[in-house]
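Each chain is listed here by its residues.
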Protein chains: 2
Amino acid sequence: MDEYPGLDATLTALADPTRREILARLAAGDARVTDLAAPFPISLNSVSKHIRVLERADLVRRRRQGREHFLAANPEPLEAAARWIGEQRALWAWRLEGLDQILSEESRLGRRDP
Amino acid sequence: MDEYPGLDATLTALADPTRREILARLAAGDARVTDLAAPFPISLNSVSKHIRVLERADLVRRRRQGREHFLAANPEPLEAAARWIGEQRALWAWRLEGLDQILSEESRLGRRDP
DNA sequence: TAGATATTCACCCAAATGGATGAATATCCT
DNA sequence: AGGATATTCATCCATTTGGGTGAATATCTA
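A quick note: this is a predicted structure, and the numbers were derived from the prediction, not measured.

Thresholds, definitions, all that
- Residues numbered from 1 in each chain as written.
- Chains lettered and ligands numbered in written order.
- Predicted model: local features only at pLDDT ≥ 70, side-chain atom pairs only at ≥ 80, totals over all residues.
- Heavy atoms only, no water.
- Helix = DSSP H or I, 4+ residues; strand = E, 2+ residues; numbered from the N terminus.
- Buried < 20%, exposed > 50% of the residue type's maximum accessible area, 1.4 Å probe, protein only.
- Lys, Arg positive; Asp, Glu negative; His and termini not counted.
- Salt bridge = Lys/Arg side-chain N within 4 Å of Asp/Glu carboxyl O.
- Polar contact = N/O pair within 3.5 Å; in protein donor to acceptor, adjacent residues only side chain to side chain.
- Contact = heavy atoms within 4.5 Å.
- Near = heavy atom within 4 Å.
- Nonpolar A, V, L, I, M, F, W, Y, C, P; charged D, E, K, R; others polar.
- Pairing = 2+ DSSP bridges.
- Expected span 1.5 Å × (residues − 1).

> Teacher, can you tell me more about the side chain of B:R19 here?
Residues and elements named next belong to chain B. Within the secondary structure layout, R19 lies in helix α2 (residues 17-26). Despite being buried, R19 has no salt bridge partner; D16 is the closest side chain of opposite charge, sitting 4.3 Å away. A distance of 2.8 Å separates a polar side-chain atom of R19 from the backbone oxygen of A13. Look past the residues within four positions of R19 in its chain and what remains in contact with it is T12, A13, H50, V53 and L54.

Here you go:
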């Protein structure tokens with residue numbers, strides 16, 4: 001559980017369509033707060049808040065240049081999240097394929113040659 | 001964006017440590033509400049609510065058997081989430097490798113042979 | 001039938017969330 | 001200096017969330 005620090009913040013940040021769109025937009029290149037806010041029907045302030053949530057999760061990094069703040073996507077938390085999900089999927093797949101049942105069946109039967 | 005229906009519910013459900021533990025527990029096999037609740041310091045009712053959130057995201061499925069409700073993990077939403085994350089990572093990696101900058105640099109310079 | 005067990009339903013509550021607005025701050029430009 | 005621009009800060013508000021409790025419902029069992 002503590003194997004994945006920050007996973008909470010990461011998934012919370014990703015669990016909002018506006019924030020996911022912001023991240024997608026940043027794939028096209030760094031952008032200022034105003035640029036990021038432009039496509040959305042909500043206020044600039046609200047977008048500013050969303051960005052702060054993304055920053056808290058370290059999904060975006062901020063670089064100030066005069067009065068402009070440039071945001072850049074940081075892939076690391078995304079990779080951690082992908083790892084956690086992959087781990088779960090592997091465990092579930094294992095079960096679904098019935099391999100563990102077969103193995104425990106074998107040990108239950110007490111096979112002599114290991 | 002609508003390419004990933006349910007992603008909101010999926011990520012929201014995953015963005016809670018209790019719910020992630022419940023999912024992890026289900027990798028070991030189907031379990032009843034009471035079984036799932038046992039390890040947690042919170043009330044059975046609260047766990048029941050968490051399970052409902054997981055159900056809403058279709059991350060778990062319920063099979064009633066008399067008074068007992070057996071929960072099972074469903075990997076599909078997790079796979080969709082993994083796909084979205086993978087897509088983002090690919091886009092960002094593309095940028096970080098600088099390939100798009102090189103390409104846009106080329107077009108900015110107006111190369112004659114396309 | 002009566003009691004125990006498994007689960008949800010109906011509320012209550014404090015804290016967080018996503019939105020808004022208006023004012024403050026900092027920087028740029030003339 | 002003074003105005004425009006970029007961004008955040010401070011509030012406010014309605015809704016959601018994660019927790020709790022007590023009562024209802026359904027099922028099993030003695």
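More follows now that the structure is in view.
> I'm lost on the protein's contact with DNA strand D in this one. Help?
Taken together, 20 residues form the shell around DNA strand D, and within it A:T34, A:R62, B:N45, B:K49 and B:H50 come nearest. Sugar and phosphate atoms represent 62% of those atoms of DNA strand D found within 4 Å of the protein. Of all the secondary-structure elements, those providing two or more residues to the surface near DNA strand D are α3 (33-37), α4 (44-56) and β3 (68-73) of chain A together with α4 (44-56) of chain B. Residue composition of the surface near DNA strand D, grouped by class: three nonpolar, nine polar and eight charged.

> Can you help me understand the pairing of strand β3 (residues 68-73) of chain B in this one?
Consecutive side chains along a regular strand alternate between the two faces of the sheet. All names here are of chain B. Strand direction decides the pairing type here: strand β1 (residues 31-32) and β3, joined by two bridges, are antiparallel. Its bridge partner lying in β3, R32 is registered against F70. Pairing geometry for strand β2 (residues 60-65) and β3, over six bridges, is antiparallel. Across the sheet, R62 pairs through a bridge with L71, a residue of β3. What sits between the antiparallel neighbours β2 and β3 is a turn of two residues, in which G66 has the positive phi angle 70°.

> Which parts of the structure should I look at to understand α4(B)?
For an α-helix, the turn length of 3.6 residues means that residues three or four places apart are oriented alike. All names here are of chain B. For α4, built from 13 residues, the straight-helix expectation of 18 Å at 1.5 Å per residue is met to within 8% by its first-to-last C-alpha distance of 18 Å. For α4, the secondary structure elements touched by its buried residues are α1 (7-14), α2, α3 (33-37), β2 and β3. D58, located one to two residues past α4, shows a positive phi value of around 60°.

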